[in-house]
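Listed here are the chains, written in short residue letters.
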Amino acid sequence: MTHQAVVEIKNLSAGYGHHQVLQQLDLTLRHGEALGIAGQNGAGKTTLFKIILGLLKPQKGRVSVLGKTPDSAQTRRLMRRQIGYVPQLQTPGKMPVCVHDAVMMGRWGKGFGFFRRPTEDDRRKVSEILHEVGISHKHWQEVNLLSGGEQQKVSIGRALIREAPILLMDEPTTYLDHGSQAEIIELIKTIRLKHELSLIMISHDPEHLEAMSDRILLLKNGRLEER
Ligand SMILES: Nc1ncnc2c1ncn2[C@@H]1O[C@H](COP(=O)(O)OP(=O)(O)OP(=O)(O)O)[C@@H](O)[C@H]1O
Ligand SMILES: [Mg+2]
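Conventions used here
- Residues numbered from 1 in each chain as written.
- Chains lettered and ligands numbered in written order.
- Predicted model: local features only at pLDDT ≥ 70, side-chain atom pairs only at ≥ 80, totals over all residues.
- Helix = DSSP H or I, 4+ residues; strand = E, 2+ residues; numbered from the N terminus.
- Rg over C-alpha atoms; globule rule 2.2 N^0.38 Å.
- Buried ≥ 20, exposed ≤ 12 C-beta atoms within 10 Å, placed from the backbone.
- Expected span 1.5 Å × (residues − 1).
- Arc of directions from axis to C-beta.
- Contact = placed C-beta atoms within 7 Å.
- Near = placed C-beta within 6 Å.
- Nonpolar A, V, L, I, M, F, W, Y, C, P; charged D, E, K, R; others polar.
- Pairing = 2+ DSSP bridges.
- Axes fitted to C-alpha atoms, helices over the stretch in contact; angles between N-to-C directions.
- Core = buried A, V, L, I, M, F, W, Y, C linked by C-beta atoms within 7 Å.
- Domains from an automatic or database assignment.
- Parallel < 35°, antiparallel > 145°, perpendicular 65-115°, else oblique.
- Left-handed = near helix turned anticlockwise from the far one by under 90°.

(A) Structural context of the overall build of the protein chain. Helices and strands together make up the secondary structure of the protein chain, namely seven helices and nine strands. Against the compact-globule benchmark of 17 Å for 227 residues, the protein chain has a radius of gyration of 17 Å, which places it among compact chains. For the protein chain, the spread of C-alpha atoms along the three principal axes comes to 45 × 45 × 35 Å. A total of 227 residues make up the protein chain; the buried ones form 38% of that total.

(B) Looking closely at the environment of V143. Structurally, the position occupied by V143 is in the loop between α4 (120-132) and α5 (148-160). V143 gets classed as buried once you count the C-beta atoms within 10 Å, which come to 22. For the pair V143 and C98, spaced 45 residues apart in the sequence, the C-alpha separation amounts to 5.4 Å.

(C) Seen up close, helix α6 (residues 178-194). A rise of 1.5 Å per residue sets the reference length of α6, with its 17 residues, at 24 Å; its end C-alpha atoms lie 25 Å apart and thus fit the reference within 8%. All buried positions along α6 are accounted for by Q181, I184, I188 and I191. Mapping the buried residues of α6 onto a view down its axis gives an arc of 100 degrees, with all of them on the same face. Exposed residues pointing more than 90 degrees away from the buried face of α6 are listed as H178, G179, L193 and K194. Packing partners of the buried residues in α6 comprise α5 and α7 (206-212). Directly after α6, the chain includes E196, whose backbone phi takes a positive value near 50 degrees.

(D) Just the site of ligand 1, in detail. Taken together, the residues surrounding ligand 1 are Y16, H19, V21, G39, N41, G42, A43, G44, K45, T46 and T47. Elements with a contribution of two residues or more to the shell around ligand 1: β2 (19-30) and α1 (45-52). Top element by residues in the shell around ligand 1 is α1. It accounts for three residues. Taken together, the residues of the shell around ligand 1 break down into three nonpolar, seven polar and one charged.

(E) Up close: the environment of K138. The residue K138 is located in the loop between α4 and α5 in this model. Apart from residues lying up to four places away in sequence, K138 is in contact with V99, L146 and E150.

(F) Fine view of the sheet that holds strand β1 (residues 5-16). A sheet is described by the order of its strands in space; here three strands give the open sequence β2-β1-β4, paired in antiparallel fashion. If you trace the sheet from one side to the other, it starts and ends with β2 and β4 (60-65), each paired once. Neighbour to neighbour, the strand axes of the sheet diverge by 20 degrees on average, direction disregarded. As judged from the five bridges shared by β1 and β4, these two strands associate in the antiparallel manner. Its bridge partner lying in β4, V7 is registered against V65. The sheet contacts of α1 involve β1, β2 and β4, and relative to β1 the element is tilted by about 120 degrees.

(G) Structural view of the nonpolar core. Grouped together as the largest cluster of nonpolar side chains are 57 residues, with contacts concentrated most on V7, I52, V103, L168, L199 and M201. If you count residues domain by domain, this core takes at least three from each of domain 1 (1-82 + 165-177 + 184-227) and domain 2 (92-163). Among all residues touching M201, those that are not within four sequence positions of it are A34, G36, I37, M169, P172, L209, M212 and S213.

(H) Inspection of the packing of α5 against α6 at higher detail. With their axes 10 Å apart at the nearest point, α5 and α6 run at an angle of 15 degrees to one another. Comparing their axes, α6 and α5 come out roughly parallel. The interaxial crossing formed by α5 with α6 has right-handed handedness. In this structure, α5 uses G148, G149, Q152, K153, I156 and L160 to contact α6, whose residues at the interface are S180, E183, I184, L187 and I191. Residue classes in the contact of α5 with α6 are distributed as five nonpolar, four polar and two charged.

It is worth stressing that arrangement in space is one thing and function is another; only the former is reported here.
So this is what it looks like as structure tokens:
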């Protein structure tokens, strides 16, 4: 299990219309590994996440997540279920909902869906996760009113509650003050071990990447390079 590739990308080209962003890119994420990705603004870091999440179709190349390839709607759905996603900050901040509901939404399609309402079990899971990310005292607070660091914890909680083995985090520390950055870095280290996650993190900050990752790659000219 230890050396199994959970995400494997070979010879990927991708972009938007005629604008090629990723070119002949290769990537292997191994089971239990925390991989950091650095790169300048516009290098294509978020685009790479969209490919792994199945939100953008490759122009060329092969992507597999836990051995599955995104050939049909069904395999794409199966792949997506294996991945928790913490988007660049601000996205969850716009939601006029309380912390509890924001995290519960992460369970959509996993614990409940169109045909089943959240049960006591789902609610217990939310409480457990809120405790784990250190925000249980804000359980019923509106997400809009939280600080950046607290919103990031909600976002991490929402990804964790999917109980997916792979976690993608886009700039988890970037827009936070120093204190919150240190807290989020510690939190990521803890949840990583506890949930045996395989992680990919994007960050502009080399120090943060060093602190959180086992290995760091640089996205440049459409490809990933060893630093
Ligand atoms: N939906 C889109 N349609 C057209 N072009 C896009 C789209 N999304 C991104 N791009 C372009 O693709 C390139 C890569 O964008 P991407 O968001 O992947 O960069 P990034 O490395 O995540 O940058 P940042 O560090 O600023 O978040 C940029 O030139 C961007 O303008
Ligand atoms: Mg980005």
